[in-house]
Amino acid sequence: YFCNQVWTDTEKIRVCVRKRPLGAQEERRGEVDIAMVEERKSVLIHERKEAVDLTQYIQQHVFYFDEVFEETCTNYDVYLKTTYPLIQHVFNGGKATCFAYGQTGAGKTHTMIGTSQNPGLYALAAKDLFKELKTSKPGSRLFIWISFYEMYCGQLYDLLNGRKRLFAREDGNHVVQIVELREIKVDGVESLLEVISRGSKGRSTGASGVNTDSSRSHAVIQVQLKDPGDFVVGRISFVDLAGSERAADARDSDKQTKIEGAEINQSLLALKECIRALDQEHAHTPFRQSKLTLVLKDSFIGNSKTCMIANISPSHVATEHTLNTLRYADRVK
Ligand code: ADP
Ligand code: MG
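Nothing here was measured: the structure is a model prediction, and the numbers come from that model.

Engineer: How do you make sense of helix H7 (residues 255–278) when you look at a structure like this?
Structural biologist: Structurally, the α-helix is built with 3.6 residues per turn, so residues lying three or four positions apart point the same way. With 24 residues, H7 extends 35 Å between its outermost C-alpha atoms, agreeing within 8% with the 34 Å of an ideal straight helix rising 1.5 Å per residue. At the N-terminal end of H7, a side-chain oxygen is found 3.2 Å from the backbone nitrogen of Gln256, two or three residues along, and the residue is Asp254.

Here's what the structure looks like:
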């Protein structure tokens, strides 16, 4: 099957953009589509501007990426070009991480987690991992383990264990571990979907009944291949990042919102630098610059590959955020 899709050994970073369709409600409100995807490689943004004499004009911005997915693309289309080629890498003992970046409402959760009817990238990847496990050599028995946690305001919560507060620790070998993070062994896609769907509910309603806004937290699904001795053979992680527009909340807001905004801002800046460093030999990887990048340290060192999917809304109302997202993604390359 699609064996030509394998990432080359030297390719460590892939940066893609996904445009979602205009929603029915947005159409009713008269919002217009300002993002044109061309040849799956570039996206052209028509920014409406007003001149000093109040006449309107259009400023065009064009951005090129490894792949740009138009609004008709399905999660499976996105999967084939982003995550699928990483499956072999994971089987060969590599680490892979997929990030969904973008403004709240741009389609990050749809892409990464999706729903039981329309599963996201993690489920499509797991399906192929299960398939690969079945065909692998007898005697090389491997198992798939899942964990799912969220980081809110720099603090970790286990979404598979009643939102229990967790702590990360760096051991003597400089390996960062989340202590007592629950891992669940799954034997097929059905049980996997069930586990994640249960965890997702915990994301918006905490055990205490307090709602944390999912746009202000990063959620991480970790899929690990382990041998019967619990040794981690390979790992692929899916990160549904906090809404990128929240990073600006550091300015004029109430105290709590400011703290959250500052944390998100710092983690997204550090993330960009850490991904960029993957491609540069002898580069200094600043994973200590944020809690997010410290916890995900493993994703930025050694035999790791990273894929970023920058999600954008097509609506003219979101022009500013869309341009910010595209500029951020452009700088990750
Ligand atoms: P985010 O997680 O970035 O805040 P969501 O994934 O929740 O955004 O998407 C916002 C809304 O848009 C949801 O109702 C979702 O179902 C819808 N949506 C997002 N991406 C797509 C897509 N590619 N096709 C159809 N609907 C989408
Ligand atoms: Mg979301």
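Engineer: Where do I start with the pattern of salt bridges in this structure?
Structural biologist: When the charged atoms of two side chains lie near each other, side chains of opposite charge can form a pair. For the coordinates displayed, the defined rule picks out 18 salt bridges. Residue Lys19 pairs with Glu71 through a salt bridge whose shortest N-O separation is 3.1 Å. Residue Lys19 is found in strand S1 (residues 13–19), and its partner Glu71 is found in the loop between strand S5 (67–69) and helix H2 (75–82); the two are separated by 52 residues along the sequence. Judged by relative accessible area, Glu71 falls into the partly exposed class, the value being 29%. A salt bridge links Asp298 to Arg235, with the shortest nitrogen-to-oxygen separation between them at 2.5 Å. Highlighted residues: Asp298 in the loop between helix H8 (291–295) and strand S14 (304–312) and Arg235 in strand S13 (residues 232–240), separated in sequence by 63 residues. One network of salt bridges, in which partners are shared, links Lys19, Asp33 and Glu71.

Engineer: I would appreciate a short explanation of the sheet that holds strand S3 (residues 42–50) in the present structure.
Structural biologist: Hydrogen bonds along the backbone pair up the strands of a sheet, which may run parallel or antiparallel. As summarised here, the arrangement of the three strands in space is S2-S3-S4, forming an open sheet in which the pairing is antiparallel. Sheet topology places strand S2 (35–38) and strand S4 (56–64) at the edges, where each strand pairs with a single neighbour. Shown here is a sheet whose adjacent strand axes are inclined to one another by a mean of 25 degrees, direction ignored.

Engineer: Sorry if this is basic, but what is going on with the packing of aromatic side chains here?
Structural biologist: For any pair of aromatic rings, geometry is given as the distance between the ring centres together with the angle between the planes. Taken as a whole, this structure holds four aromatic pairs when the rule is applied. An angle of 10 degrees between the planes, with centres 3.9 Å apart, marks the rings of Tyr101 and Tyr328 as stacked. Remark: Tyr328 occurs in helix H9 (residues 319–332) and Tyr101 occurs in strand S6 (residues 95–102); sequence separation between them is 227 residues. Residue classification places Tyr101 among the buried positions, given a relative accessible area of 6%. Given the relative accessible area of 5%, Tyr328 is considered buried. These aromatic residues form a ring-pair network of at least three members: Tyr76, Tyr79 and Tyr84. The ring of Phe143 carries Lys185 above its face, with NZ or CZ at 4.1 Å from the centroid. Of note, Lys226 hangs over the ring of Trp145, and the distance from its end group to the ring centre comes to 4.9 Å.

Engineer: Is there a simple way to explain the environment of Ser200 in this structure?
Structural biologist: Looking at the secondary structure, you find Ser200 in helix H6 (residues 189–204). For Ser200, a relative accessible area of 26% gives the class partly exposed. In this structure the C-alpha to C-alpha distance between Ser200 and Phe148, which are 52 residues apart in sequence, comes to 8.7 Å. Leave out the neighbours within four places in its chain, and Ser200 touches Ile113 and Phe148.

Engineer: Can you help me understand the site of ligand 1 in this one?
Structural biologist: The local shell around ligand 1 consists of Arg18, Arg20, Pro21, Gln103, Thr104, Gly105, Ala106, Gly107, Lys108, Thr109 and His110. A distance of 3.1 Å separates an oxygen atom of ligand 1 from a polar atom in the backbone of Gly107. Interatomic distance of 2.8 Å between a side-chain N/O atom of Lys108 and an oxygen atom of ligand 1. Against a free-state accessible area of 560 Å², the protein chains account for coverage of 63% of ligand 1. When residues of the shell around ligand 1 are assigned to their parent elements, the largest contribution, three residues, is made by helix H4 (residues 108–112). Grouping the amino acids of the shell around ligand 1 by side-chain chemistry returns two nonpolar, six polar and three charged.

Engineer: Just to check I follow, could you spell out the environment of Thr82 for this structure?
Structural biologist: When you line up the elements, Thr82 lands in helix H2. Residue Thr82 is classed as buried on the basis of its relative accessible area, which comes to 0%. When the C-alpha positions of Thr82 and Met308 are compared, they lie 8.6 Å apart, and in sequence the two are 226 residues distant. A polar atom in the side chain of Thr82 sits 2.7 Å from the backbone oxygen of Val78.

Engineer: Help me understand H9 in this model?
Structural biologist: If you check H9, its first and last C-alpha atoms are 20 Å apart, about what 14 residues at 1.5 Å a residue would give, namely 20 Å. For H9, the complete set of buried residues consists of Thr319, Thr322, Leu323, Thr325, Leu326, Tyr328, Ala329 and Val332. If you follow the buried residues of H9, they end up packed against S1, S3, S4, S6, H7 and S14.

Engineer: Just checking my understanding: could you explain the nonpolar core for this structure?
Structural biologist: Across soluble globular proteins, nonpolar side chains have a tendency to be buried as a group. Counting residues in each nonpolar core, the largest one holds 44 residues, and the members touching the most others are Tyr122, Leu129, Ile144, Ile146, Ile221 and Phe238. If you look at the next biggest cluster of nonpolar residues, it comprises 42 residues, including Val15, Val43, Tyr101 and Met151.

Engineer: Is there a simple way to explain the packing of H2 against helix H5 (residues 121–135) in this structure?
Structural biologist: The relative placement of two packed helices comes down to the angle between their axes together with the axis-to-axis distance. Two numbers describe how H2 lies on H5: the axes approach to 10 Å, and their chain directions differ by 60 degrees. Judged by the angle between their axes, H2 and H5 are oblique. Crossing geometry of H2 relative to H5 is assigned as right-handed. The residues of H5 that touch H2, namely those facing Asn75, Tyr76, Val78, Tyr79 and Thr82, are Leu121, Leu124, Ala125 and Asp128. Residues belonging to the contact of H2 with H5 are distributed by class as follows: six nonpolar, two polar and one charged.

Rules and cut-offs
Residues numbered from 1 in each chain as written. Chains lettered and ligands numbered in written order. Predicted model: local features only at pLDDT ≥ 70, side-chain atom pairs only at ≥ 80, totals over all residues. Heavy atoms only, no water. Helix = DSSP H or I, 4+ residues; strand = E, 2+ residues; numbered from the N terminus. Expected span 1.5 Å × (residues − 1). Polar contact = N/O pair within 3.5 Å; in protein donor to acceptor, adjacent residues only side chain to side chain. Salt bridge = Lys/Arg side-chain N within 4 Å of Asp/Glu carboxyl O. Buried < 20%, exposed > 50% of the residue type's maximum accessible area, 1.4 Å probe, protein only. Pairing = 2+ DSSP bridges. Axes fitted to C-alpha atoms, helices over the stretch in contact; angles between N-to-C directions. Phe/Tyr/Trp six-rings, centres within 6.5 Å; stacked < 30°, edge-to-face > 60°. Lys NZ or Arg CZ within 6 Å of the ring centre and 35° of its normal. Contact = heavy atoms within 4.5 Å. Near = heavy atom within 4 Å. Areas by Shrake-Rupley, 256 points an atom, 1.4 Å probe, with all protein chains shown as cover. Nonpolar A, V, L, I, M, F, W, Y, C, P; charged D, E, K, R; others polar. Core = buried A, V, L, I, M, F, W, Y, C linked by side-chain atoms within 4.5 Å. Parallel < 35°, antiparallel > 145°, perpendicular 65-115°, else oblique. Left-handed = near helix turned anticlockwise from the far one by under 90°.

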